[in-house]
Amino acid sequence: AAQPPWWRRAVFYQVYPRSFADSDGDGVGDLRGVTSRLDHLADLGVDCVWLSPIFDSPNEDMGYDVRDYRAVMSEMGTLADLDDLIAGAHERGMRIILDLVVNHTSAEHAWFRAAVADPDGPYGDYYHLQPGVPGEDGSGPPPNNWASFFGGSAWRWLPEAKRWALHLFAPGQMDLNWENPRVRAEVAEIVRWWRARGIDGFRLDVINYISKRPGLPDGNEAIGALMGFPGIEHYFFGPRLHEYLRELRATGFTRTAQDPRPPSTVRSRGADGTLGVPEPPDPVGVLVGETPGVGVEMSRLLSGARRRELDLVFNFDVLDGPGKVRWDDYRYDLGYLKGFYLDYLARLGPDDAIALFLDNHDNPRMLSKVLGTRDRDPVLRSAAAKALATIQLTLPGTPFLFQGQEIAAINQDFAAAAELKDVESVNRLAELRADGVAHEDALARVRPGARDHARVPMRWEPGPTTGFSTGTPWQVGREDSVGFTVAEQGADPGSVLSFHRDLIRLRRAEPALTDGGFRALLPRSREYFGWVRTAPGDGDDWLVEVNLTDRTIKRPRGLPAATGVLGSHGLARGPRMAPYECVVARVLIAG
Ligand code: ISL
């Protein structure tokens with residue numbers, strides 16, 4: 001049978017370079033820092049590293065506002081440093097994908113500066129520019145009622161150009177006009193340029209937003225109130241989205257005979273982790289779409305294999321509890337996570353793939369959402385971190401770990417508004433303060449959902465700067481409790497880090513855990529999450545069990561006979577399961 005594409009079995013790991021490792025002491029993480037930590041990633045068993053944006057940027061939104069797609073942000077290093085990182089990863093059997101932000105560019109991008117200078121010239125049509133109305137400054141009201149995700153209107157008046165410009169995000173993040181075939185050709189060229197440097201694919205930022213409804217009509221007020229952002233129904237899944245994605249896959253990603261061979265391809269890595277010869281260049285690479293707001297059915301239309309659009313998408317519904325959003329200060333119920341995945345998996349066909357993720361740079365730490373104020377209890381913290389890893393790494397799908405998950409990273413106890421650096425947090429705090437909310441109350445309302453929690457520097461070793469930098473880190477990262485750094489965990493076979501490493505090794509060695517079938521046990525239980533992964537060939541089946549609660553529960557009866565191979569509380573499978581206890585067990589052949 002044809003081999004499934006590499007990314008179906010791969011373990012992905014998101015690096016937020018700004019907060020991963022700083023090699024030159026300026027307090028900001030950089031590419032040489034990532035290269036210096038490749039052995040940590042290879043040892044963990046990572047197959048593909050996703051780098052959050054590293055292109056030249058004024059950093060209004062920490063790199064998600066690109067000024068030059070073919071230059072590396074100066075704080076992060078140079079193109080040569082990136083080439084070294086790509087080679088270093090490939091040499092270790094790991095691939096690299098970049099974060100491609102092409103729904104919008106920075107207002108400092110040459111295209112936008114040209115559009116402002118001559119709105120009726122060739123670059124004016126690269127963006128969504130609209131005329132104002134006669135009035136004192138010629139602006140009048142914005143062209144429609146669309147709101148920006150970072151507060152205020154989604155329109156910015158450009159006095160020098162006498163035009164409104166659309167920005168769904170910060171005022172320095174100008175939405176590109178994908179209706180313009182020249183814009184689409186430019187993006188395809190950027191992709192080809194990076195593919196030629198050996199990049200193995202991309203995570204595509206808010207890629208479902210690129211097609212806007214023609215005429216940019218006002219958003220329905222009721223939907224706007226429900227979704228929190230008027231106008232979202234006119235762009236979150238626009239009329240030409242499939243067409244644009246199919247075209248980009250064909251013109252940007254797919255290699256042709258004319259393409260120069262990539263300078264480096266990844267070394268193959270066997271089931272036992274041994275490295276082999278370089279694999280042939282992958283004709284397409286991998287396209288991972290970040291698609292906030294799409295549901296299961298839309299996800300399937302965007303990523304089904306026969307659709308020839310994206311390969312995987314991030315469906316964010318899993319991160320918010322029922323009726324909850326990121327800003328709500330609530331304890332996330334893992335019973336909800338079980339229900340979400342059982343429903344999702346039941347609706348997938350053989351053509352479909354699913355990205356399994358619980359954390360990223362835009363969300364508070366899932367571990368803290370689950371444990372609430374008990375997230376500093378070292379026993380619960382370790383057990384729950386292992387339970388989340390077990391769910392993410394043994395359900396059917398492609399897991400995306402976010403940096404720090406492997407050492408049970410938790411939220412930061414930000415003590416002052418000044419410690420929140422993310423544009424979204426800063427704007428929300430300013431809005432609350434402008435509404436007269438007292439400082440402490442404003443901080444208390446923003447802190448639960450702040451994206452800053454995920455951007456705290458990686459904790460490599462104990463100490464005030466946790467081995468992240470020899471200088472003053474750009475973001476505060478207090479010692480949250482002893483024992484949760486890479487150095488301390490790496491030396492402890494019972495640690496969360498060792499558990500991740502052992503589980504990924506098991507996953508690589510056991511086809512049932514990647515290509516195998518899936519059968520849920522006791523699907524209706526809200527406290528016990530158990531399932532069997534059935535071997536695709538004549539290998540072993542595996543039983544996985546998780547106690548979804550912070551209470552001791554009775555292990556159900558009538559389960560398949562199985563021997564524990566990896567467990568958070570030892571390998572015996574007795575009549576009870578400790579809080580968040582998880583076990584991965586080899587099913588014994590009946591009779
Ligand atoms: O804040 C959000 C909207 O409420 C998040 O959901 C997030 O902004 C959204 O998922 C889009 O995220 C991506 O695009 C943003 C950038 O700020 C995020 O870091 C990036 O992941 C604009 O580029």
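Just so you know, the residues in each chain are numbered from 1, in the order the chain's sequence is written. Given that the model is predicted, a residue must reach a pLDDT of at least 70 before its local features are reported, and side-chain atom pairs must reach 80 or more before they are shown or counted; all residues, however, enter totals for whole chains, interfaces and linings. Note: side-chain values were computed over all heavy atoms of the structure, leaving out hydrogens and water.

Worth spelling out the cut-off: UniProt positions are given in the numbering used here, feature names are shortened, and annotations may be inferred rather than shown by experiment.
Taking an unreviewed UniProt entry as the reference, the protein is identified by name as Alpha-glucosidase belonging to Occultella glacieicola. Here the protein is described in UniProt, under the heading Sequence similarities (unreviewed entry), as follows: "Belongs to the glycosyl hydrolase 13 family."

**As for the sheet that holds strand β18 (residues 517–521)**
For clarity, the cut-off: DSSP calls a pair of strands paired once it identifies at least 2 bridges connecting them. Secondary structure elements follow DSSP: runs of H or I no shorter than four residues count as helices, runs of E no shorter than two count as strands, and numbering proceeds from the N terminus. The axes used here are C-alpha line fits, helices contributing only the stretch in contact, and every angle between their N-to-C directions lies in the interval 0 to 180 degrees. In this analysis, two residues are considered to be in contact whenever any of their non-hydrogen atoms come within 4.5 Å of each other.
Read from one edge of the open sheet, 5 strands run β18-β19-β20-β24-β22, paired in antiparallel fashion. If you trace the sheet from one side to the other, it starts and ends with β18 and β22 (562–567), each paired once. Across the sheet, the mean angle from the axis of one strand to that of its neighbour is 25°, orientation sign disregarded. As paired strands, strand β20 (residues 542–547) and strand β24 (residues 582–587) are joined by 5 bridges and run antiparallel to one another. Bridged to V544 within β24 is V584. On top of the sheet, helix α9 (residues 334–346) reaches β18 and β19 (528–534); it is set at about 135° to β18, its chief contact. Lying over the sheet, helix α15 (residues 496–509) contacts β20, β22 and β24, oriented at roughly 135° with respect to β22.

**Re the pairing of strand β2 (residues 48–51)**
Rules: In this scheme, a residue with accessible area under 20% of its type's maximum is buried, one over 50% is exposed, and one in between is partly exposed, where area comes from a 1.4 Å probe on protein chains only.
Neither face of β2 is left uncovered, since the one carrying C48 and W50 and the one carrying V49 and L51 both have all their residues buried. Taken together, the 4 bridges between strand β1 (residues 12–15) and β2 define a ladder with parallel strand orientation. Of the residues in β2, the one forming a bridge with Y13 is V49. Relative to strand β5 (residues 95–100), β2 is paired through 4 bridges, and the arrangement is parallel. Its bridge partner being in β5, C48 is matched across the sheet by R95.

**Side note on the site of the ligand**
This is how the line gets drawn: Any residue with a non-hydrogen atom lying within 4 Å of a molecule or strand is treated as near it. Polar contact criterion, stated in full: a pair of N or O atoms within 3.5 Å, where within protein one must be able to donate a hydrogen and the other to accept it, and residues adjacent in sequence count only if both atoms are side-chain atoms. Only the protein chains shown count as cover for residues, and all accessible areas are computed by the Shrake-Rupley method using a 1.4 Å probe.
Lining the immediate surroundings of the ligand are 18 residues, of which D61, D205, R326, D362 and E424 lie closest. Between E290 and the ligand, the recorded distance is 3.0 Å, taken from a side-chain N or O atom to an oxygen atom. R451 places a polar side-chain atom, nitrogen or oxygen, 3.0 Å from an oxygen atom of the ligand. The protein chains hide 91% of the 490 Å² of surface that the ligand would expose on its own.

**Considerations on helix α7 (residues 241–253)**
Filter applied, for reference: To estimate how far a helix should extend, the number of its residues minus one is multiplied by 1.5 Å. For this quantity, the arc is that covered by the directions from the helix axis to the C-beta atoms.
Taking 1.5 Å of rise per residue, the 13 residues of α7 would be expected to cover 18 Å, and the 17 Å separating its terminal C-alpha atoms lies within 8% of that figure. Those residues of α7 lying buried are L241, H242, Y244, L245, L248, R249, G252 and F253. Each buried residue of α7 lies within a common arc of 165° when the element is viewed along its axis, so the set occupies one face. In this fold, the buried residues of α7 make contact with α5 (181–196), β11 (201–204), β14 (286–290) and α8 (296–303).

**Remarks on the sheet that holds strand β15 (residues 312–314)**
Backbone-to-backbone hydrogen bonds join strands into a sheet, with any given pair of strands oriented parallel or antiparallel. Reading across the sheet, the 8 strands line up as β15-β14-β11-β5-β2-β1-β17-β16 and stay open at both edges, with parallel pairing between neighbours. Bordering the open sheet on either side are β15 and β16 (355–357), each of which pairs with just one other strand. The average undirected angle you get between the axes of adjacent strands in this sheet is 25°. Examined bridge by bridge, β14 and β15 share 3 bridges and lie parallel to one another. When the bridges of β15 are listed, E290 appears paired with F314. In this fold helix α3 (residues 79–91) packs onto β2 and β5, with an angle of close to 140° to the strand it touches most, β5.

**Some words on the packing of helix α12 (residues 423–434) against helix α13 (residues 439–446)**
Geometry of a packed helix pair, given as the angle between the helix axes and the separation of the axes. What counts, and what does not: These descriptions rest on fixed angle ranges, namely under 35 degrees for roughly parallel, over 145 for roughly antiparallel, 65 to 115 for roughly perpendicular, and the rest for oblique. Handedness of a crossing follows from how the near helix is turned relative to the far one, being left-handed for an anticlockwise turn of less than a right angle and right-handed for a clockwise one. Classification convention: Asp, Glu, Lys, Arg as charged; Ala, Val, Leu, Ile, Met, Phe, Trp, Tyr, Cys, Pro as nonpolar; all other residues, Gly among them, as polar.
Interaxial distance between α12 and α13 falls to 9 Å at its minimum, and their mutual angle equals 140°. Considering their axes alone, α12 and α13 lie oblique with respect to each other. By crossing handedness, the relation of α12 to α13 is classed as right-handed. On α13, the residues that touch S425, R428, L429, L432 and R433 of α12 are H439, A442, L443, R445 and V446. A breakdown of the residues in the contact of α12 with α13 according to their chemical character gives 5 nonpolar, 2 polar and 3 charged.

**A closer look at the pattern of salt bridges**
Put simply, the test is: Within this document, salt bridges are pairs made up of a side-chain nitrogen of Lys or Arg and a carboxyl oxygen of Asp or Glu, the two lying within 4 Å of each other.
Scanning all chains against the criterion turns up 46 salt bridges. Ionic pairing is found between R95 and E279, a salt bridge with its closest N-O pair at 2.7 Å. One end of the pair, R95, is in strand β5; the other, E279, is in the loop between β13 (275–278) and β14, and 184 residues separate them in sequence. For R95, a relative accessible area of 8% puts it in the buried group. A salt bridge links R573 to E545, with the nearest nitrogen and oxygen atoms 2.8 Å apart. Highlighted residues: R573 in the loop between β22 and β23 (576–577) and E545 in strand β20, separated in sequence by 28 residues. Counted as one network, the salt bridges with shared partners bring together D61, R326, D362, D422, E424, R451 and R455.

**Some remarks on the packing of α5 against α7**
At a minimum axis separation of 8 Å, α5 and α7 run at an interaxial angle of 40°. As judged from the angle between their axes, α5 and α7 are oblique. For the crossing formed where α5 meets α7, the hand is right-handed. Each of R184, V187, A188, V191, R192 and R195 in α5 lies in contact with α7, whose residues at this interface are E243, Y244, E247, L248, T251, G252 and F253. For the contact of α5 with α7, the per-class residue count stands at 6 nonpolar, 2 polar and 5 charged.

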